Every structure is written in C-alpha cells, then in structure tokens.
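What the coordinates show
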Amino acid sequence: MLPSVLRCARPISTSLALSRPLAHFRPHMDPDPSRPVERAIRTKLTDQLKPDHLEVHNESHMHAVPPGSESHFRVLVVSSQFEGLPLIKRHRLVNEALKEELSTCVHALAIQAKTPEQWASNSTIAKSPPCMGGSKGDHTVEEKLKAGRE
C-alpha cells in the first residue's frame, strides 16, 4: 500500500468541494492540476452518471498519509440514473465509474448516492467519523514514508 500512497501524494490542498448544482458547473472546467485524482473522479462521475449535483471531498488529511495526498474521498452524487435502484446498485455504479482510481490511488471512498427527489428533501452530506485505524497509531510511519521516497 505504501507505494500507492506515495504515488498519490500531492502538494497540500484546501477544500475540494463543489457544493453548487452542476447547472453552475462548467463540465470541462479544469480543476487544480495539482489534484489529478480529484479531477479524474469529478470527470468520470460527471461523464458516466450525468449528475444534477456532485460534491467531491478529499478527506486524506484526516488520515495518516503524507500531506497533500489524494487517497481518501467522500462523494455525493445526485443523479436521475439512481431512480428505482437500491443503494447497493447505486454504489456499484459509482465504484464501476471509478474502478481505475479504486485499484490504484484511492484507498477509501465514502459514497452518498441520491435521486434528485431525495436530494430535494434532504440536501445534506454526512460527516465522516475520525480515523480510528490504519497506521494512525504507528509512530514509525514517518520513517516508513521517508524510506519509501528514497
């Protein structure tokens, strides 16, 4: 896992949310080039699910990864393509759209997949709990990361 985390390390970034409806989002707008994983997530979800609303949050800073990493994400996707589908099938559509990222750089992906009707009645995104696992308690992580860069 360490090599994939290092491949996804990027300069420190700030909030990555697109929190307005896509009617105000230019589909070919090029997000910050220093965040290629976020850009790929946005592009693939937009192209494949045609969302009415999309939010992509990089939550890597909440985990024991190098600053600027793109390894832990939370997405909110509102799409009419989810109409009539159970939650598991909605998640499968998102996972299928992002299969390349999930097999390489993205270690964790939290998904909220709503229909436009569900979004109209509850336009909130769930908050992530604090990181409880992984290498957060491992005090040798810095050494391991440094060794992985050499």
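For every chain, the first residue of the written sequence is number 1, and numbering continues from 1 onward in sequence order. Totals for whole chains, interfaces and linings use all residues, but because this is a predicted model, local features are given only for residues with pLDDT of at least 70 and pairs of side-chain atoms are given and counted only at 80 or more. Note that water and hydrogens are dropped before the side-chain values are worked out from all heavy atoms of the structure.

Within an unreviewed UniProt entry, the label attached to the protein reads BolA-like protein 1, and the organism entered is Collichthys lucidus. UniProt positions are given in the numbering used here, feature names are shortened, and annotations may be inferred rather than shown by experiment. Quoted verbatim from the Function (unreviewed entry) field of UniProt, the annotation for the protein is "Acts as a mitochondrial iron-sulfur (Fe-S) cluster assembly factor that facilitates (Fe-S) cluster insertion into a subset of mitochondrial proteins. Probably acts together with the monothiol glutaredoxin GLRX5. May protect cells against oxidative stress." In its Sequence similarities (unreviewed entry) section, the UniProt entry covering the protein states "Belongs to the BolA/IbaG family."

Okay, the environment of Leu102 next. Segments assigned H or I by DSSP are reported as helices when at least four residues long, segments assigned E as strands when at least two residues long, and all are numbered from the N terminus. As for its position among the elements, Leu102 is in helix H4 (residues 99–102). Any two residues whose heavy atoms approach within 4.5 Å are treated as being in contact. Aside from chain neighbours lying at most four places away, what touches Leu102 is Asn95 and Leu109.

Turning to the pattern of salt bridges, a few remarks are in order. The salt bridge definition used is simple: a Lys or Arg side-chain nitrogen within 4 Å of an Asp or Glu carboxyl oxygen. In this structure the tally under the stated criterion is 6 salt bridges. For Lys44, the salt bridge is made with Glu101, and the minimal N-O distance between the two is 2.8 Å. One end of the pair, Lys44, is in helix H2 (residues 36–49); the other, Glu101, is in helix H4, with 57 residues separating them in the sequence. Three labels apply to residues, based on accessible area from a 1.4 Å probe with only protein chains included: buried if under 20% of the type maximum, exposed if over 50%, partly exposed otherwise in between. Note on Glu101: relative accessible area 9%, which makes it buried. Between Arg74 and Glu59 there is a salt bridge; the shortest N-O distance is 3.4 Å. In this pair, Arg74 is assigned in strand E2 (residues 72–78) and Glu59 in the loop between strand E1 (53–58) and E2, connecting sequence segments 15 residues apart. We note that Arg74, like Glu59, is buried.

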